[in-house]
Amino acid sequence: MRKTYIVNGLVEWTAAIQAGRATISVPFTGGAFTKYGHTPARFTTADAAMQRIIESSDHFKKGRIKAI
């Protein structure tokens, strides 16, 4: 199943997420600030392993990364 994750308040961000002894880089892109509002940076994946890594990260647990 395809899932999209967002980061509010940022236009671009590369999250460094720990997965065991490895660090996974997750690129959030496509955000924008205009006079009409804000579009958050987003990352979309259908990879179940990547979804598990993101959803078990501190960034996700603390609300920095959100699933939509």
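So, how was this worked out
Residues numbered from 1 in each chain as written. Predicted model: local features only at pLDDT ≥ 70, side-chain atom pairs only at ≥ 80, totals over all residues. Heavy atoms only, no water. Helix = DSSP H or I, 4+ residues; strand = E, 2+ residues; numbered from the N terminus. Rg over C-alpha atoms; globule rule 2.2 N^0.38 Å. Buried < 20%, exposed > 50% of the residue type's maximum accessible area, 1.4 Å probe, protein only. Contact = heavy atoms within 4.5 Å. Areas by Shrake-Rupley, 256 points an atom, 1.4 Å probe, with all protein chains shown as cover. Lys, Arg positive; Asp, Glu negative; His and termini not counted. Charge placed at Lys NZ, Arg CZ, Asp CG, Glu CD. Core = buried A, V, L, I, M, F, W, Y, C linked by side-chain atoms within 4.5 Å. Arc of directions from axis to C-beta. Polar contact = N/O pair within 3.5 Å; in protein donor to acceptor, adjacent residues only side chain to side chain. Salt bridge = Lys/Arg side-chain N within 4 Å of Asp/Glu carboxyl O.

Peer 1: Can you help me understand the overall build of the chain in this one?
Peer 2: Scanning the chain from N- to C-terminus turns up 2 helices and 7 strands. Traced from its N-terminal end to its C-terminal end, the chain shows the element sequence β-β-β-β-β-β-α-α-β. What you see for the chain is a C-alpha radius of gyration of 12 Å, in line with the 11 Å of a compact globule of 68 residues. Taken across its 68 residues, the chain has 28% of its residues classed as buried. For the chain, long-range pairs separated by at least 24 residues make up 57% of all intrachain contacts whose partners lie at least 6 apart in sequence. As displayed, the chain offers around 4500 Å² of accessible surface, 53% of which is attributable to carbon and sulfur atoms. One way to put it: in the chain the 10 positive side-chain charges average out to a point 4 Å from where the 4 negative ones average out.

Peer 1: Which parts of the structure should I look at to understand the nonpolar core?
Peer 2: Nonpolar side chains in soluble globular proteins generally cluster together in the buried interior. Residues Tyr 5, Val 7, Trp 13, Ala 15, Ile 17, Val 26, Phe 28, Ala 41, Phe 43, Met 50, Ile 54 and Ile 65 constitute the largest nonpolar core, which totals 12 residues. Those elements that place two or more of their residues in this core are β1 (3–7), β2 (13–19), β3 (22–28), β6 (41–45) and α1 (48–55). Of the residues forming this core, the biggest block, 3 residues, is contributed by β2. Setting aside residues up to four positions removed in sequence, Ile 54 forms contacts with Tyr 5, Ile 17, Val 26, Phe 43, Phe 60 and Ile 65.

Peer 1: I tried to follow α1 on my own but got confused; where do I start?
Peer 2: For the α-helix, the turn length of 3.6 residues means that residues three or four positions removed from each other point alike. Those residues of α1 lying buried are Met 50, Gln 51 and Ile 54. Taken end-on, α1 shows its buried residues confined to a sector of 100°, consistent with a single buried face. In this structure, the buried side of α1 is in contact with β1, β2, β3, β6 and α2 (58–61). Its side-chain oxygen at 3.0 Å from the backbone nitrogen of Ala 49, Asp 47 defines the N-terminal cap of α1.

Peer 1: Where do I start with the pattern of salt bridges in this structure?
Peer 2: For side chains bearing opposite charge, pairing can occur when the charged atoms are close. All told, the structure shown has 1 salt bridge when counted by the stated rule. In this structure, the salt-bridge partner of Lys 3 is Glu 55, at a minimum N-O distance of 2.9 Å. Of this pair, Lys 3 sits in strand β1 while Glu 55 sits in helix α1, placing them 52 residues apart in sequence. Of the residues examined, Glu 55 reaches a relative accessible area of 27% and is grouped as partly exposed.

Purely geometric stuff here, so don't read any function into it on its own.
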